[in-house]
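Chain and residue survey
The primary structure of each chain is shown beneath.
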Amino acid sequence: MGLYRRKGCNIWWMSFMLEGRQKQSSTGTENRASAEKIYMKTKTEVNEDKYLDRDHATKYTLKEMIDRYERCYTEKKDYYQNKRDKSIFKHLRAFFGEGSNLKFVSNNVGLYQAWREEQITNRGEAPDSGTIRKELVLLGRMFNLARRQWKWKVANPVTDIELPPDSKQRVRYLTLDEFKRLYEKLDSSPIVWLRPIVNAAIGSGLREGNLINLR
């Protein structure tokens, strides 16, 4: 059927096949040329499996998606992966808001990336592209699960943005003089447990979080 008008309405509607079913949707415009562009764009998105069903995208919320993923996947991960996932969830909730529908999330993924980069920069650090990449990859994984396994008719917005590169920071070891000055400071420090922590760090190469959580 393609484009058509409903009786008593000047808005152009479009009809197309979605997952074997006929679907009707408003183009939101009275202009035929604009309606044709919207219709062709929609058909392309359907063919490329990128069509975002408005009804489903507004029906489900970020909270529902995170809660389901956390219950089914995060809680089954090891301690450090579990902790990383929950840290990412915290960042996602802070930016989008738990009650935000998935259409809003989809439209603002690019802004989320910019916001996280600005946050990291404002803390006086260089933007950690690897961290931001992990956050976007997890968000994309949740959308894929929602679409493929949970059968929510939503597209994955992460596939349409360029992910930051993995951060590959150069590892630098302390010189003998730096070791000497470090231990002079540790010997004069009133914090008695600091030196054992540093010894463990030097001997094992463990990260700060791993060291502090040792028992």
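Residues numbered from 1 in each chain as written. Predicted model: local features only at pLDDT ≥ 70, side-chain atom pairs only at ≥ 80, totals over all residues. Heavy atoms only, no water.

For side chains bearing opposite charge, pairing can occur when the charged atoms are close. Evaluation of the coordinates by the stated rule reveals twelve salt bridges. For Arg93, the salt bridge goes to Asp67, with nearest N and O atoms at 3.9 Å. Within this pair, whereas Arg93 is found in helix H4 (residues 79-96), its partner Asp67 is found in helix H3 (residues 62-72), the two being separated by 26 residues in sequence. Residue Asp67 is classed as partly exposed on the basis of its relative accessible area, which comes to 25%. We note a salt bridge from Lys86 to Glu70, for which the minimum N-O separation is 4.0 Å. (Salt bridge = Lys/Arg side-chain N within 4 Å of Asp/Glu carboxyl O. Helix = DSSP H or I, 4+ residues; strand = E, 2+ residues; numbered from the N terminus. Buried < 20%, exposed > 50% of the residue type's maximum accessible area, 1.4 Å probe, protein only.)

Further remarks concern the sheet that holds strand E3 (residues 21-26). What the three strands build is an open sheet, ordered E1-E2-E3; its pairing is antiparallel. Among the strands making up the open sheet, the edge pair consists of strand E1 (2-5) and E3. The sheet shows a mean angle of 30° between the axes of neighbouring strands, taken without regard to direction. Helix-sheet contacts for helix H1 (residues 32-47) involve E1 and strand E2 (12-18), and the interaxial angle to E2 is about 15°. (Pairing = 2+ DSSP bridges. Axes fitted to C-alpha atoms, helices over the stretch in contact; angles between N-to-C directions. Contact = heavy atoms within 4.5 Å.)

Counting residues in each nonpolar core, the largest one holds 26 residues, and the members touching the most others are Met65, Leu92, Leu139, Met142 and Trp152. Among the elements of the structure, H3, H4, helix H5 (102-107), helix H6 (109-122) and helix H7 (129-148) are those that each provide at least two residues to this core. Counting residues per element, this core draws most heavily on H7, which supplies eight residues. Judged by nonpolar contacts, the second largest core, of eight residues, contains Leu3, Trp12, Leu18 and Val46. (Core = buried A, V, L, I, M, F, W, Y, C linked by side-chain atoms within 4.5 Å.)

Moving on, we get to the pairing of E2. With six of seven residues buried, E2 is to be regarded as a mostly interior element. Where E1 meets E2, four bridges bridge the pair, whose relative direction is antiparallel. By the bridge assignment for E2, Leu3 is matched with Met14. The turn joining E1 and E2, which pair antiparallel and follow one another in sequence, is formed by six residues; a positive phi near 80° is taken by Gly8. Pairing between E2 and E3: six bridges, direction antiparallel.

On to the confidence of the model for the protein chain. With 89% of its residues at a pLDDT of 70 or more, the protein chain shows a mean pLDDT of 83. Across the protein chain, the secondary-structure element scoring lowest on mean pLDDT is helix H2 (residues 54-59), at 65, and the one scoring highest is H3, at 94. (pLDDT = per-residue confidence, 0-100.)

Another point: the packing of aromatic side chains. With the rule as written, the count across this model stands at ten aromatic pairs. Aromatic side chains Tyr79 and Tyr80 sit 5.0 Å apart centroid to centroid with 85° between the ring planes, which places their arrangement in the edge-to-face category. Members of the aromatic cluster, each reached through a chain of ring pairs, are Phe95, Phe96, Tyr112 and Trp115. The cationic tip of Arg6 hangs over the ring face of Trp13; the distance from NZ or CZ to the ring centre is 3.4 Å. When the ring centre of Trp12 is taken as origin, the NZ or CZ atom of Arg32, which lies over that ring, is 4.6 Å away. (Phe/Tyr/Trp six-rings, centres within 6.5 Å; stacked < 30°, edge-to-face > 60°. Lys NZ or Arg CZ within 6 Å of the ring centre and 35° of its normal.)

With that out of the way, let us pick up the side chain of Glu135. Locating Glu135 in the fold gives a position in helix H7. Residue Glu135 is classed as buried on the basis of its relative accessible area, which comes to 2%. Among the polar contacts listed, one links the side chain of Glu135 to the side chain of Arg116, at a separation of 2.9 Å. If we skip the residues at most four places from it in the chain, Glu135 touches Ile88, His91, Tyr112 and Arg116. (Polar contact = N/O pair within 3.5 Å; in protein donor to acceptor, adjacent residues only side chain to side chain.)

Relative to the assigned elements, Asn82 resides in helix H4. Residue Asn82 is classed as buried on the basis of its relative accessible area, which comes to 13%. Residues Asn82 and Glu70, twelve residues apart in the sequence, show an inter-C-alpha distance of 8.8 Å. In this view, Asn82 contacts Thr74, Glu75 and Lys77; residues no more than four positions away in its chain are not counted.

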